[in-house]
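Survey of secondary and tertiary structure
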Amino acid sequence: MAMAVPASTLLLPLLLATLVGTPFVAAESDGQALVLRSGSPLQRIAAALRGAVTEEPRRLQGGCRATAMRLMPPPALKGYQQCFQDKLSENSTHDWSVPGAELDAQVDCWCQHNLTHTIQEYQCCDHADLYPMCTVNCEPDCNSDLAKTCISECPSMCFESSEYIVSEGLCKSCDWLKCWPALKCLTKYAQLRIENGTINKTCHEKRFTNGAQLGKYWQCWKDAPKHSSHWAVLSSVVHCVCREGMIEHTREQSCCDSVLYGGGVCDLQCMSEAACSTQEAQTCIHTCQSRCTSYEIAPSEDCMSYCLEKNAPCRKFAACSPPMLAGLVCDDGRWPEASSGCCSMNQTNGRPGQLLGCPRLCDTQHIWRLDGGRSIPWWSRWQPGPGIVAQCTCKGCPTSSSEAVLKLDRTVSDGIWDNGQMMLVDIARRQGLLHGPNRRMQELMVMRNDRILEVLKGTEQPDRANSFLIAQINDEYTERISEAAKSFGDDGYMLTHNDAELQAAAEKETKNSIVYFITTAGGCTIAIVAAIACATRVIMRRRKATPIIQFGNNNEVVIGNPVGEGATTVSGTPVTGAPVTVSAPTKGSRDTPKELS
């Protein structure tokens, strides 16, 4: 029982938090953090309150040695631990139904083994796990002014404020540090009030937990259907509470008012089988199944107002057995578990054990965990044994084996290429490839696709077992493609050193490339030299002298076309003739004719 009081009141720390596994609650008063006074030892304050002579205890050097004390506990600490465990046993005479029963047990064991002296020797009285236990008075005077003041200011139910709902102002004036030395007086007064009937007993946690009814409830809740809707989750709890007698058990152990152990259980209304079979009950059950689907994490407002709220018209029928509504078949043709809605399947990677989940052909799949104890009361969704309580919410699943076969063939045939490309990109990204999938990865993906399509074509009538073969093939090539991404990297032609055959082929290809390069370069060089030689020879031939042919000795100059024979000419008049070719000296020739006429 973790001790806590309203926010405006000092929170009560627990004894030996780390030594016995009880959580420690940080002290806080009026919204301000409590500062421990290290200058004045707490044992001096306790001695002064008892009227004893204050004397500085003998201390070892080096401060609190809490770690050494845990690793190598002294006899007094081991005796305390065993004493507390004995009080927790089923045969213990300690009354756990008294407010503050846990603190009373801790103080009894503390005093029985004189632990104050031991903790002082270890200089750990101010340690957060132990403070202020060194101030406790093992034989207090309950008629003293301190004891009377503390009994008045610290009502008994302040010990149980973390488990019970108490008024905010009930414990406001209680100063736990001041009253800690008189703690045994407070627990003794609580015992007297229980005996005279002025307060009710608190929950006897040990008897409640050890009761046979709780074990039967846990088994009932684990087996009840609770996967299909938020209504089924609530109905599985209420139905099993009623069926296994948890209401009577909670009342017998005085746990109805406890938030953690009662949680409203004693106010539940149970329904008979006859009442659950009526049209009104069945209409509510199936309507709430559809209104409160578990595809969403939280129920809708319509679901809350019609089904789940305390005053909802259908809430009372949550005590009826929740129905099993599967509406799907698993990959192996069987129906899913009634309690979880999950299909149990073998792992495709060859490892032992089975997996729980939705069929692979479902459009949407959600797997929830329902246990863990984070509920009120805590035991209503608790799994005491190994494993977890799972809930599979599956949507868009095949409802028959024939439908599953058709959907498998259609899904694989239509989406195998897109699936392969997306997988290649994903693997390349995970392996840090900058340029995407390399060539070897793509070749392996083609091989994967061919093998999967071959499975579908292998039989005239497709079999639902093909989905397992396809999963195995996919797992195999996923591993091979991932390895190719590591070995080949961004260069698709980079080979591993472990493959001798591929390495030799790569070296041969490299040598051939070098020979080809040398041959090509040599041929080009020879061709260029030959072309230059031919061009030089042609140029040298064209550089010869051109002869000059002189015109005849006359006074006629012919312009244009040659004058035909018998043409009449007039002296001094130009005559048009035909173009003629005249051998003329080339540029730079030294043989220039002296005259042109």
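Residues numbered from 1 in each chain as written. Predicted model: local features only at pLDDT ≥ 70, side-chain atom pairs only at ≥ 80, totals over all residues. Heavy atoms only, no water.

Below, the discussion takes up the packing of aromatic side chains. The full count for this structure, using the stated rule, is eight aromatic pairs. Taken together, a centroid distance of 5.9 Å and an interplanar angle of 80 degrees make the contact between Trp-378 and Trp-382 edge-to-face. One aromatic cluster in this structure is built from Phe-208, Tyr-217, Trp-218, Tyr-261, Trp-378, Trp-379 and Trp-382. In this structure, Arg-291 packs its charged tip against the face of Tyr-306, placed 4.1 Å from the ring centre. (Phe/Tyr/Trp six-rings, centres within 6.5 Å; stacked < 30°, edge-to-face > 60°. Lys NZ or Arg CZ within 6 Å of the ring centre and 35° of its normal.)

If you look at the biggest cluster of nonpolar residues, it comprises 34 residues, and the most contacted ones within it are Trp-110, Leu-115, Ile-119, Trp-176 and Leu-186. Secondary structure elements with two or more residues in this core: helix 3 (66-71), helix 4 (75-88), helix 5 (101-112), helix 6 (115-121), helix 8 (176-179) and helix 9 (183-196). Top element by residues in this core is helix 5. It accounts for seven residues. Counting 23 residues, the second largest nonpolar core, distinct from the first, contains Leu-456, Ile-470, Ile-473 and Ala-485. (Core = buried A, V, L, I, M, F, W, Y, C linked by side-chain atoms within 4.5 Å. Buried < 20%, exposed > 50% of the residue type's maximum accessible area, 1.4 Å probe, protein only. Helix = DSSP H or I, 4+ residues; strand = E, 2+ residues; numbered from the N terminus.)

With 72% of its residues at a pLDDT of 70 or more, the protein chain has an overall mean of 76. Low confidence marks residues 580-590, where pLDDT is under 50. Its contacts with residues over four positions away, or in another chain, come to twelve contacts. When the criterion is pLDDT under 50, residues 592-597 qualifies, and its contacts beyond four places in sequence or with other chains add up to three contacts. (pLDDT = per-residue confidence, 0-100. Contact = heavy atoms within 4.5 Å.)

Our focus in this paragraph is helix 17 (residues 401-430). Taking 1.5 Å of rise per residue, 30 residues should cover 44 Å, yet helix 17 covers just 37 Å from first to last C-alpha, more than 12% shy of that figure. Of all the bends in helix 17, the greatest measures close to 60 degrees and is centred on Gly-415. Along helix 17, the residues that are buried comprise Ala-404, Val-405, Lys-407, Leu-408, Asp-409, Val-412, Ile-416, Gly-420, Met-423, Leu-424, Ile-427 and Ala-428. Those residues of helix 17 hidden inside the fold are in contact with helix 18 (439-457) and helix 19 (466-488). The positive-phi residue at the C-terminal boundary of helix 17 is Gly-432, with phi of around 80 degrees. (Expected span 1.5 Å × (residues − 1). Bend = angle between axes of the 7 residues up to and from the residue.)

Let's shift gears to the environment of Gly-396. Relative to the helices and strands, Gly-396 is located in the loop between strand 6 (390-395) and helix 17. Relative accessible area serves as the criterion here: at 34%, Gly-396 is assigned to the partly exposed category. Considering only alpha carbons, one finds Gly-396 and Gln-365, 31 residues apart in sequence, at a separation of 9.0 Å. Each residue touching Gly-396, except ones within four places of it in the same chain, is listed here: Leu-361, Cys-362, Asp-363 and Lys-407.

Contact geometry of helix 4 with helix 5 gives a least axis separation of 9 Å together with a crossing angle of 145 degrees. Read as a crossing pair, helix 4 and helix 5 show a hand that is right-handed. Where helix 4 approaches helix 5, its residues Tyr-80, Cys-83, Phe-84 and Lys-87 are matched on the opposing element by Glu-102, Ala-105, Gln-106, Asp-108, Cys-109, Trp-110 and Gln-112. Classifying every residue of the contact of helix 4 with helix 5 gives six nonpolar, two polar and three charged. (Axes fitted to C-alpha atoms, helices over the stretch in contact; angles between N-to-C directions. Left-handed = near helix turned anticlockwise from the far one by under 90°. Nonpolar A, V, L, I, M, F, W, Y, C, P; charged D, E, K, R; others polar.)

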